[in-house]
Number of protein chains: 2
Amino acid sequence: MQTALSRKFGIDYPVFGFTPSEHVAAAISRAGGLGVLGCVRFNDADELDAVLTWMDENTDGKPYGVDIVMPAKVPTEGTAVDLDKLIPEEHRAFVDRTLTELGVPPLSDDVEEASGVLGWLHSVARSHVDIALGHRISLIANALGSPPKDVIDQAHEKGVPVAALAGAVEHARRHVENGVDIVIAQGYEAGGHTGEVASMVLWPEIVDAIGDSASVLAAGGVGSGRQVAAALALGADGVWMGSYWLTAAEYKLGSAANGPSSIQRALLGATSSDTVRSRIYSGKPARLLKTKWTEAWSRPDAPAPLPMPLQNILVSEAHQRISAAGDPEVVAMPVGQVVGRMNEIRPVSDIMNELVTGYDQAVDRLNQAR
Amino acid sequence: MQTALSRKFGIDYPVFGFTPSEHVAAAISRAGGLGVLGCVRFNDADELDAVLTWMDENTDGKPYGVDIVMPAKVPTEGTAVDLDKLIPEEHRAFVDRTLTELGVPPLSDDVEEASGVLGWLHSVARSHVDIALGHRISLIANALGSPPKDVIDQAHEKGVPVAALAGAVEHARRHVENGVDIVIAQGYEAGGHTGEVASMVLWPEIVDAIGDSASVLAAGGVGSGRQVAAALALGADGVWMGSYWLTAAEYKLGSAANGPSSIQRALLGATSSDTVRSRIYSGKPARLLKTKWTEAWSRPDAPAPLPMPLQNILVSEAHQRISAAGDPEVVAMPVGQVVGRMNEIRPVSDIMNELVTGYDQAVDRLNQAR
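Going along each chain's sequence as written, the residues are numbered from 1 onward. Throughout, the order in which chains and ligands are written sets their labels, letters from A for the former and numbers from 1 for the latter. The predicted nature of this model means local features are confined to residues of pLDDT at least 70 and side-chain atom pairs, given and counted, to a pLDDT of 80 or more, with totals for whole chains, interfaces and linings taken over all residues. Calculated side-chain values reflect all of the structure's heavy atoms, with hydrogen atoms and water omitted.

For chain A, an unreviewed UniProt entry supplies the name 2-nitropropane dioxygenase and the organism Rhodococcus coprophilus.

Written out as structure tokens, the structure reads:
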């Protein structure tokens, strides 16, 4: 399982694994893929710096990358306090009422309230880029469109390629014009921010549209070697997997003790029909696990979600409360339709082995059908 | 390009082509696939009988099939006149107002008003089955779930296998329990009636769920040899293509003269983002070309679509008027996201050649990546 792109990165398999967990990211790189650490949760620059130092030391010298969320258009800037004022009272009241109805208790007094995902602000994202470029990174990805031109230039000066997410052909074309090296073609079935066009149609369409001017990673629905084979058959240079690592044994975010977290238990029990695409997480359409929380937002009395970054600031404390409550039926978590295939907690190395073995079996099947 | 299923049917390629046009269906069979004629448009039994006789005579002795739409639950029965009474005045007024706004003239006096797609009534569907079994058919498909048990038995008595559409694993399991031989796994991106789970996730999930107890055809997003390769890599026994034949040269429905019809011109210009999944065509969610007509139904003043079969009876005359008006911007047509790839009018044999060539190239690419 090798492509021109995997050879370019010096990795064993063209499997790019996005995850907010440094433990999972490092394990993906050690297993022969490229672990890509999601940085949006790091509001504190020093914390990100420390985690990347840990990555440098725990990847056996193998390459890894970072994902920094930079909106294509500069949104409302300002401190958390300024932005707070833009949130309507109706929205706050709905969130409070809903959490009470769902039995989610307030935070205990000793927990500090989060100030929302400030990583979605340009100023914070740029500090992430500065910090990341001080480490041994092999890729900067932006899970939300083209990074600003100066960020692309800054990465290229350090010899670091840049990847950007595209949910439609015109986004892919714009990325390439902006100097992006790798387009992540993210189909409808993907977790997190996603468009309307599904992977089977989107991947080859983007491959054809951008030709040799950039590489294409196939994202949305990949969780098996058969799906990797499908991606390469459709012309992609590799796969980008996000959701599937959430039930990796190394994923410990949100776990209070040993054993699966409430989020992992919810994911293990979900089918491919148990997701919903909604603006309630960030303000832009994103696929989430369907739970009592997402269902509440589709009731007639629910307000329309706010634009990015306000919506995430609105629900930030709610996410903390939901996480602390630990009820698998009330979860706020981006995940793709591939969740239906996430039915056990396994080490990253087992997942990678299955991808490679499944790929070989799929190619055998295709050769037999010749 | 051969699988156990294509060998079972005695066809050259595991390509099952659904189309309402007998000319296209016959061409698909002659080109080495299995042409499947959609029968829902035949309200008159004698007309269907005559067309199937034409199919018998124009397929060079090669196998073909029929698609008959049978709702899983028996819906409201009755004559067109009875059913008409169940349609609210508000809905009729909205349709009339919208057509006027869109510049769609009334039918001229010499045109007979259609009475809606009565093929969606069980009584009509059963007469279709009776007629079809009097012809040299190799498959009965139901594009709307399991056919009634007695229809399956009736087909099996004549040695004719039965296929049914599934948009989720539980539908596929139910079909197999009911005795269906072939499950058509129809992903979100498909044209016509479709569910929420996209092909990349749905196809392997259904393959795994039903094991060897039935064959699986991959539907939704297929319009190239690469996509056929992806389907077989994901474990399917063949592909089911519907939308892609709408721009075949042999497709003449709706054409007043030579050259592409207004519908074909609309399809040729559409991108993969120009579809919408809506209940306005039949009462159940179906993917349609996005045009001024579908957009009107998503306005705040639009009424909610009626249940099947009432919605189609409501819009039946509108569809006739739209078709007669011939404006490519006002079209009512089911089509999948693969419409973005439908950019020229080509004979069926050219399309089939591209499928076979593209398949080979895709498998070459996968072998190189090994």
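**Student:** Which residues make up the relation of the copies chain B and chain A, and what are the values?
**Tutor:** To superpose the copies, least squares is applied to the C-alpha atoms of every residue with a pLDDT of at least 70 in both. For the pair chain B and chain A, the relating rotation is 180°, the translation along its axis is 0.0 Å, and the fit reaches an RMSD of 0.0 Å. Such a turn and shift between the copies fits a two-fold axis. Residue B:Ala230 of chain B places its C-alpha closer to the rotation axis than any other residue of that unit, at 2.1 Å. Note on contacts: a residue pair is in contact if any heavy atoms of the two residues lie within 4.5 Å. Comparing interface residues between copies, 98% of those in chain B also lie at the interface in chain A; the contact surface is shared.

**Student:** Describe the environment of B:Ala125, listing the residues and the values that go with them.
**Tutor:** Relative to the helices and strands, B:Ala125 is located in helix α6 (residues 122-132). Along the backbone, B:Ala125 and B:Arg341 are 216 residues apart, and their C-alpha atoms lie at a distance of 33 Å. Every helix listed is a DSSP run of H or I at least four residues long, and every strand listed is a run of E at least two residues long, numbered separately from the N terminus.

**Student:** Run through the confidence of the model for chain A, naming residues and quoting values.
**Tutor:** Chain-level statistics for chain A give a pLDDT mean of 92 and a share of 93% at 70 or above. Overall fold confidence (pTM) sits at 0.95, and the ipTM for the predicted complex is 0.94. Per residue, pLDDT measures the predictor's confidence, with a range of 0 to 100.

**Student:** Would you mind going over the pairing of strand β11 (residues 286-289) of chain B in detail, with residue names and values included?
**Tutor:** Residues and elements named next belong to chain B. With 2 bridges connecting them, strand β7 (residues 192-193) and β11 associate as antiparallel partners. Looking across to β11, one finds that Gly 192 is bridged to Arg 287. Alignment of strand β10 (residues 275-278) against β11, held across 4 bridges, turns out to be antiparallel. Among the inter-strand pairings, Ser 278 is bridged to a residue of β11, identified as Ala 286. Paired strands, in this sense, are two strands between which DSSP finds at least two bridges.

**Student:** I'd like to hear about the environment of B:Trp297, residue by residue, with values.
**Tutor:** All names here are of chain B. For Trp 297, the position within the fold is in helix α12 (residues 292-297). For the pair Trp 297 and Ser 282, spaced 15 residues apart in sequence, the C-alpha separation works out to 13 Å. Setting aside chain neighbours within four positions, we find Trp 297 in contact with Phe 94, Val 95, Ile 280, Ala 302, Pro 303, Gln 311, Leu 314 and Val 315.

**Student:** Requested: an account of a negative patch on the surface, with residues and values cited.
**Tutor:** Residues and elements named next belong to chain A. Candidate patch residues must exceed 30% relative accessible area and have no salt bridge, after which like charges are joined if within 9 Å and Val, Leu, Ile, Met, Phe, Trp or Tyr side chains if within 5 Å. Per-residue accessibility takes into account occlusion by the displayed protein chains alone, with areas from the Shrake-Rupley method and a 1.4 Å probe. Salt bridges, as used here, are contacts in which a Lys or Arg side-chain nitrogen is within 4 Å of a carboxyl oxygen on Asp or Glu. His residues and chain termini do not enter the charge count, which takes Lys and Arg as positive and Asp and Glu as negative. Throughout, a charge is located at the NZ atom of Lys, the CZ atom of Arg, the CG atom of Asp or the CD atom of Glu. A contiguous patch of negative charge on the surface is contributed by Asp 44, Asp 46, Glu 47 and Asp 49. Looking at the element boundaries, Asp 46 is found in helix α3 (residues 45-57). A 1.4 Å probe rolled over the protein chains alone gives each residue an accessible area, and that area as a share of the maximum for its type sets the label: buried under 20%, exposed over 50%, partly exposed in between. Take Asp 46: its relative accessible area is 59%, and that puts it in the exposed class.

**Student:** Would you mind going over the pattern of salt bridges in detail, with residue names and values included?
**Tutor:** Close approach of charged atoms allows side chains of opposite charge to pair. In the structure shown here, the tally under the stated rule is 26 salt bridges over all chains. Between A:Glu196 and A:Arg277 there is a salt bridge, and its shortest N-O distance comes to 3.5 Å. A residue pair is termed long-range when its members are at least 10 positions apart, and A:Glu196 in the loop between β7 (192-193) and α9 (199-210) and A:Arg277 in strand β10 (residues 275-278) qualify at 81 residues. For A:Glu196, a relative accessible area of 40% gives the class partly exposed. Residue class for A:Arg277 comes out partly exposed when judged on its relative accessible area of 28%. With a shortest N-O distance of 3.3 Å, B:Arg299 and B:Glu101 are connected by a salt bridge.

**Student:** Let's hear about the sheet that holds β7(A): which residues, and what values?
**Tutor:** Across a sheet, strands are paired by hydrogen bonds formed along the backbone, either parallel or antiparallel in direction. Across the sheet, 3 strands lie side by side as β7-β11-β10 (chain A); this open sheet has antiparallel pairing. On the outer flanks of this sheet lie β7 and β10 of chain A, each paired with one strand and no other.

**Student:** Would you mind going over helix α11 (residues 262-269) of chain B in detail, with residue names and values included?
**Tutor:** Residues of α11(B) that are buried include every one of B:Ser262, B:Ile263, B:Gln264, B:Ala266 and B:Leu267, and no others. Looking at the buried residues of α11(B), the elements they touch are β11 of chain B.

**Student:** Just give me the short version of the domain arrangement of chain A, but keep the residues and values in it.
**Tutor:** All names here are of chain A. Residue ranges for the domains originate in an automatic or database domain assignment. By the assigned domains, chain A splits into domain 1 (4-75 + 121-250) and domain 2 (80-115 + 260-325). Placing the centre of domain 1 and that of domain 2 at their C-alpha centroids yields a distance of 26 Å. The partner domain 2 presents 13 residues to the 17 residues of domain 1 that form the contact. At the boundary of domain 1 with domain 2, total buried surface from both sides reaches about 1100 Å², with 59% on carbon and sulfur atoms. For the interface between domain 1 and domain 2, the tally reads 1 salt bridge. Throughout this description, a polar contact denotes any pair of N or O atoms lying within 3.5 Å of each other; where both atoms belong to protein, one of them has to be capable of donating a hydrogen while the other can accept it, and for residues adjacent in sequence the pair is counted only when both atoms sit in side chains. Where domain 1 packs against domain 2, one counts 8 residue pairs in polar contact (both at pLDDT 80 or more). As a working rule, the residues Ala, Val, Leu, Ile, Met, Phe, Trp, Tyr, Cys and Pro are called nonpolar, Asp, Glu, Lys and Arg charged, and the rest polar, with Gly in that last group. The class makeup of the residues in the side of domain 1 that touches domain 2 is 8 nonpolar, 7 polar and 2 charged. A simple way to read buried area is as the amount of 1.4 Å-probe accessible surface that goes missing from two parts once joined, with both sides added.

**Student:** Requested: an account of the packing of helix α8 (residues 169-178) of chain A against α9(A), with residues and values cited.
**Tutor:** Residue and element names in this part refer to chain A. Their axes nearest at 9 Å, the elements α8 and α9 cross at an angle of 35°. Handedness of the crossing formed by α8 with α9: right-handed. When α8 is examined against α9, the residues Val 169, Ala 172, Arg 173 and Val 176 are found in contact with a partner set consisting of Leu 202, Glu 205, Ile 206, Ala 209 and Ile 210. When its residues are assigned to classes, the contact of α8 with α9 shows 7 nonpolar, no polar and 2 charged. Axis geometry follows a simple rule: fit a line to the C-alpha atoms, using only the stretch in contact for helices, then measure angles between N-to-C directions, giving values from 0 to 180 degrees. Should the near helix be turned anticlockwise from the far one by less than a right angle, the crossing is termed left-handed; should it be turned clockwise, right-handed.

**Student:** Describe the interface of chain B and chain A, and please don't skip the residues or the numbers.
**Tutor:** With 44 residues of chain B at the contact, the number on the chain A side is 43 residues. Among the residues chain B hides against chain A, the three largest losses belong to B:Met200, B:Leu366 and B:Arg370. Together they make up 20% of the total. Inspection of the region where chain B meets chain A yields 8 salt bridges. Note that A:Arg370 is salt-bridged to B:Asp360, the shortest N-O span being 3.1 Å. Secondary structure elements with two or more residues in the side of chain B that touches chain A: α9 (199-210), α10 (225-233) and α14 (348-368) of chain B. Top contributing element to the side of chain B that touches chain A by residue count: α14(B), with 9 residues.

**Student:** Could you give an account of the sheet that holds strand β8 (residues 215-219) of chain A, naming the residues involved and the relevant values?
**Tutor:** All names here are of chain A. Around the barrel, which closes on itself, the 8 strands sit in the order β1-β2-β3-β4-β5-β6-β8-β9 with parallel pairing between neighbours. For this sheet, the mean inter-axis angle between neighbouring strands, taken without regard to orientation, is 25°. Sheet analysis places strand β6 (residues 182-186) next to β8, joined by 5 bridges and oriented parallel. Directly across from Gln 186, in β8, lies its bridge partner Ala 219.

**Student:** Give me the nonpolar core: which residues, what numbers.
**Tutor:** If you look at the biggest cluster of nonpolar residues, it comprises 116 residues, and the most contacted ones within it are A:Ile206, A:Trp245, A:Tyr359, B:Ile206, B:Trp245 and B:Tyr359. Excluding anything up to four places from it in sequence, A:Tyr359 contacts A:Met1, A:Gly225, A:Arg226, A:Val228, A:Ala229, A:Leu232, B:Leu366, B:Ala369 and B:Arg370. Residues grouped as a nonpolar core are buried Ala, Val, Leu, Ile, Met, Phe, Trp, Tyr and Cys residues, joined through side-chain atoms within 4.5 Å.

**Student:** Any details on the packing of aromatic side chains? Residues and values, ideally.
**Tutor:** Residue and element names in this part refer to chain A. Each Phe, Tyr or Trp ring (for Trp, its six-membered ring) is paired with any other whose centre lies within 6.5 Å, and the angle between the two planes then decides the class: stacked below 30 degrees, edge-to-face above 60, tilted in between. Per the stated rule, a full pass over the model turns up 9 aromatic pairs over all chains. Here Phe 9 and Phe 16 contribute two aromatic rings whose centre-to-centre distance is 5.3 Å and whose plane-to-plane angle is 85°, an arrangement assigned as edge-to-face. Judged on exposure class, the residue Phe 9 and its partner Phe 16 are both buried. An aromatic cluster is defined as three or more aromatic residues linked by ring pairs; in this entry it consists of Phe 94, Trp 293 and Trp 297. Charge-over-ring contacts are defined here by two conditions on Lys NZ or Arg CZ: a distance within 6 Å of the ring centre and an angle within 35 degrees of the ring normal. Positioned over the ring face of Tyr 188 is Arg 287, at 4.4 Å from the centre of the ring.

**Student:** Describe helix α5 (residues 89-101) of chain A, with residues and values.
**Tutor:** All names here are of chain A. Along its 13 residues, α5 runs 18 Å from first to last C-alpha, staying within 8% of the 18 Å computed at 1.5 Å per residue. Within α5, burial applies to His 91, Phe 94, Val 95, Thr 98 and Leu 99. An end-on view of α5 places all buried positions within 125° of arc, on one side of the element. In α5, the exposed positions that point more than 90 degrees away from the buried face belong to Glu 89, Glu 90, Thr 100 and Glu 101. The inward-facing, buried residues of α5 contact α12 (292-296) and α13 (310-325). Downstream of α5 by one or two residues, Gly 103 has phi in the positive range, about 75°. The span expected for a helix works out to 1.5 Å for each residue beyond the first. Taken from the helix axis, the directions to the C-beta atoms give the arc we talk about.

**Student:** Tell me about the packing of helix α10 (residues 225-233) of chain A against α9(B), and please be specific about residues and values.
**Tutor:** Where α10(A) contacts α9(B), the axes come no closer than 11 Å and their chain directions differ by 135°. When the interaxial angle is binned, α10(A) and α9(B) end up oblique. The chirality of how α10(A) crosses α9(B) is right-handed. Listed contacts from α9(B) to A:Arg226, A:Gln227 and A:Ala230 of α10(A) are B:Met200, B:Val201, B:Pro204, B:Val207 and B:Asp208. Put simply, angles under 35 degrees are roughly parallel, angles over 145 are roughly antiparallel, angles from 65 to 115 are roughly perpendicular, and the rest are oblique.

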